[in-house]
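Structural description and commentary
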Amino acid sequence: MEIRSILIKDTTREERQKIISESMDCGGGCENCSSCWLGGGSPFTMYQDYIDGKKEISEINAEYRARWVH
């Protein structure tokens, strides 16, 4: 198993789309994702800034968690 960087600087836009698609198992079946029903909406919407190269996944996750931790 090859471990690759998922950082924006190390990926192309197409690779980032694939990373989100594969990691969230977005085949339309909502298998264990929880993004929609926890207020995240579509993973592609939630992680659009990552796909566009604006924010790292860790930043988006931290912002999302901050909404739930008080």
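**With respect to the confidence of the model for the protein**
Averaged over every residue, the pLDDT of the protein is 80; the share at 70 or more is 71%. Model confidence for the protein, summarised as mean pLDDT per element, is weakest for helix 2 (residues 43–46) at 81 and strongest for helix 3 (residues 48–51) at 96.

**Some words on helix 4 (residues 57–66)**
Buried within helix 4 are the following residues: Ile 57, Ile 60 and Tyr 64. Across the axial projection of helix 4, the buried residues extend over an arc of 70°, all falling on one side. Facing away from the buried side of helix 4 by over 90 degrees, the exposed positions are Ser 58 and Ala 66. Buried residues along helix 4 sit against helix 1 (13–23), helix 2 and helix 3.

**Examining the pattern of salt bridges**
Throughout the structure, instances matching the rule amount to 6 salt bridges. A salt bridge links Asp 10 to Lys 9, with the shortest nitrogen-to-oxygen separation between them at 3.4 Å. Between Asp 49 and Lys 55 there is a salt bridge, with its nearest N and O atoms 3.9 Å apart. Take Asp 49: its relative accessible area is 28%, and that puts it in the partly exposed class. A network of salt bridges, in which partner residues are shared, links Asp 49, Lys 55 and Glu 63.

**Some points on the environment of Gln 48**
Within the secondary structure layout, Gln 48 lies in helix 3. Residue Gln 48 is classed as partly exposed on the basis of its relative accessible area of 28%. Remark: the alpha-carbon pair of Gln 48 and Ile 60, spanning 12 residues in sequence, is separated by 9.6 Å.

So, how was this worked out
Residues numbered from 1 in each chain as written. Predicted model: local features only at pLDDT ≥ 70, side-chain atom pairs only at ≥ 80, totals over all residues. Heavy atoms only, no water. pLDDT = per-residue confidence, 0-100. Helix = DSSP H or I, 4+ residues; strand = E, 2+ residues; numbered from the N terminus. Buried < 20%, exposed > 50% of the residue type's maximum accessible area, 1.4 Å probe, protein only. Arc of directions from axis to C-beta. Contact = heavy atoms within 4.5 Å. Salt bridge = Lys/Arg side-chain N within 4 Å of Asp/Glu carboxyl O.

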